[in-house]
Amino acid sequence: MKKAKIIAVANQKGGVAKTTSVWNMAFSLGELGKRVLAVDFDPQSNLTASFLEETMILKTTIADVMTKAMDEESLPNKEEYIYSRGKIDFIPSSIHLSVVEANLRMEMGSEKLLANILEPLRALYDFILIDTNPSLGPLTINALSAADSVIIPINPEFYATMGLTDLTKTILKIRKRINPGIQFEGILMTMCDMQTNLHKEVCLEVTEAYGNGMKIFKGQIPRSIRVGEANRYGMSVIDFDILQKITYN
Ligand SMILES: Nc1ncnc2c1ncn2[C@@H]1O[C@H](COP(=O)(O)OP(=O)(O)OP(=O)(O)O)[C@@H](O)[C@H]1O
Ligand SMILES: [Mg+2]
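Let us look at the structure shown here. From a predicted model like this one, the values you see are computed outputs, not experimental measurements.

**Let's talk about the pairing of strand β4 (residues 88-91)**
Right, on to step 1. Residues I88 and F90 point to one face of β4 and D89 and I91 to the other, with burial holding for every one of them.
Right, on to step 2. Strand direction decides the pairing type here: strand β2 (residues 36-41) and β4, joined by three bridges, are parallel. When the sheet's bridge partners are listed, V39 is paired in β4 with I91.
Right, on to step 3. Count of turn residues in the strand β3 (residues 83-85)/β4 antiparallel hairpin: two residues, of which G86 carries a positive phi of about 60°.

**Quick look at helix α1 (residues 18-31)**
Right, on to step 1. The terminal C-alpha atoms of α1 lie 20 Å apart, and with 14 residues this matches the ideal 20 Å at 1.5 Å per residue to within 8%.
Right, on to step 2. Burial within α1 is extensive, with 11 of its 14 residues counted as buried.
Right, on to step 3. Of all the residues in α1, the buried ones are K18, T19, T20, S21, V22, W23, N24, A26, F27, L29 and G30.
Right, on to step 4. Once α1 ends, the next one or two residues include G33, with phi positive near 90°.

**What to know about unusual backbone geometry**
Right, on to step 1. Notably, S45 is not glycine yet its phi reads approximately 60°, a positive angle.
Right, on to step 2. Tracing the chain through its elements places S45 in the loop between β2 and α2 (46-51).
Right, on to step 3. Relative accessible area serves as the criterion here: at 13%, S45 is assigned to the buried category.

**Comments concerning helix α5 (residues 97-104)**
Right, on to step 1. Of all the residues in α5, the buried ones are L97, V100, E101 and L104. Burial along α5 is one-sided: seen end-on, the buried residues are contained in an arc of 100°.
Right, on to step 2. The secondary structure elements touched by the buried residues of α5 are β2, α3 (62-70), α6 (113-118) and α7 (138-146).

**Structural notes on the pattern of salt bridges**
Right, on to step 1. This model, assessed by the stated rule, comprises 12 salt bridges.
Right, on to step 2. A salt bridge links R85 to E53, with the nearest nitrogen and oxygen atoms 3.6 Å apart. With R85 in strand β3 and E53 in the loop between α2 and α3, this residue pair connects regions lying 32 residues apart in the sequence.
Right, on to step 3. Residue R85 is classed as buried on the basis of its relative accessible area of 15%.
Right, on to step 4. Classification of E53 as partly exposed rests on a relative accessible area of 35%.
Right, on to step 5. A salt bridge links K78 to E79, with the nearest nitrogen and oxygen atoms 2.9 Å apart.
Right, on to step 6. A relative accessible area of 31% means that K78 is categorised as partly exposed.
Right, on to step 7. One network of salt bridges, with partners in common, ties together E119, R122 and D148.

**Some words on empty space enclosed by the protein**
Right, on to step 1. The tally for this structure, following the rule as stated, stands at one cavity of 30 Å³ or more.
Right, on to step 2. Size it by volume and the largest cavity reaches roughly 30 Å³.
Right, on to step 3. Surrounding the largest cavity, F27, S28, E31, S236, I238 and D239 form its lining.
Right, on to step 4. Per-element accounting of the lining of the largest cavity gives the leading share, three residues, to α1.

**Quick look at the sheet that holds strand β6 (residues 149-154)**
Right, on to step 1. Here we have seven strands laid out as an open sheet, ordered β3-β4-β2-β5-β1-β6-β7, and mixed in their pairing. Two strands in the sheet have a free side with no partner beyond their single neighbour: β3 and β7 (183-189). Neighbour-to-neighbour, the strand axes of the sheet open up by a mean angle of 25°, direction not taken into account.
Right, on to step 2. Inspection of the sheet shows strand β1 (residues 5-9) paired to strand β5 (residues 127-132) by five bridges, in the parallel sense. Within the sheet, the bridge partner assigned to A8 lies in β5 and is I130.
Right, on to step 3. Relative to the sheet, α1 contacts β1, β2, β3, β4, β5, β6 and β7, its axis offset from that of β5 by approximately 165°.

**Thoughts on the environment of L124**
Right, on to step 1. Along the polypeptide, L124 turns up in the loop between α6 and β5.
Right, on to step 2. C-alpha separation for the pair L124 and V36, spaced 88 residues apart in sequence, amounts to 8.8 Å.
Right, on to step 3. What L124 contacts, discounting residues up to four positions off in sequence, is R35 and K78.

Reading the values: rules and limits
- Residue positions are given per chain, counted from 1 along the sequence in the order it is written.
- For this description, chains carry letters from A and ligands carry numbers from 1, given in the order in which they are written.
- Selection of residues for local features in this predicted model requires a pLDDT of at least 70, selection of side-chain atom pairs for listing and counting requires 80 or more, and totals for whole chains, interfaces and linings are taken over all residues.
- Processing note: side-chain calculations cover all non-hydrogen atoms of the structure and skip hydrogens and water entirely.
- Per-residue accessibility, obtained with a 1.4 Å probe over protein chains only, is compared with the maximum for each type, and a residue is labelled buried under 20%, exposed over 50%, and partly exposed between these values.
- Numbering goes from the N terminus for both helices and strands, where a helix is a DSSP run of H or I of at least four residues and a strand is a run of E of at least two.
- Strands pair, by our definition, only if DSSP identifies at least two bridges between them.
- Take the residue count of a helix, subtract one, and multiply by 1.5 Å to get its expected span.
- Taken from the helix axis, the directions to the C-beta atoms give the arc we talk about.
- When checking whether two residues touch, look at their non-hydrogen atoms; a contact exists if any pair is within 4.5 Å.
- Whenever a carboxyl oxygen of Asp or Glu lies within 4 Å of a side-chain nitrogen of Lys or Arg, that contact is scored as a salt bridge.
- Points on a 1 Å grid over protein atoms alone make up a cavity when a 1.4 Å probe fits among them but cannot get out, and a pocket when they form an open set with protein on both sides within 12 Å along at least five of seven lines; lining residues each have an atom within 4 Å of a point.
- Grid points are joined across faces, edges and corners, and a volume is the space filled by probe spheres set on the points.
- What counts as an axis is a line fitted to C-alpha atoms, over the stretch in contact for a helix, and the angles between N-to-C directions run from 0 to 180 degrees.

Structure follows, in structure tokens:
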């Protein structure tokens, strides 16, 4: 039976569009008829806020499931922590995940806890997308240990490539020590101001530094106020664009 591919979206640099990428990829894959589970693995819970609808009450989050896993207790039924919005399923996060992160630091051999939680869910989906927090701490390590591949969003500004070496080194260590199957899915340029020299220079810099060993997606995401607006209204950019066309045409 075909099993889900687990993709982590990671970059310890904050605000590079990790959450926006997971959110929009989830919707687009759903539109393509794929069964998608999005996992919010960031205590900031931005992805959860996007998915949340007024009528939803979140009783169990990934923080609760991780706590049970850490305490070697039996996990809740998946119906208790997997929620649905339209065609997409998601596992929400909460600020309590930061407590989990602190505890993970003191826990031995805890890198595979998320992998163990997601493994039985693979049979139910085509893709499991994990949104990570902006750090290279134990939560991101757990996400990378669970993933078949990683997408690295980069905002091509000065400083963009700083830290990228630490991230790639961490992924290579995880491949060697914990998760031999993890692949680099590719670098995704986000928030691009295509016309500026800075953008062109940083893109060239990234291509020179990483283009040999890693795929750099040809499709680049332009910087657009509409992305922020779509996020604000809890819509994917595609749905937001369609709504705008209906409203203003
Ligand atoms: N293509 C884009 N054009 C304009 N704004 C964007 C674009 N993509 C994302 N943004 C905005 O940039 C901000 C950061 O995006 P997002 O929250 O997805 O980043 P992140 O990497 O998940 O951040 P964090 O590291 O805090 O988790 C948000 O306000 C979002 O609306
Ligand atoms: Mg985020």
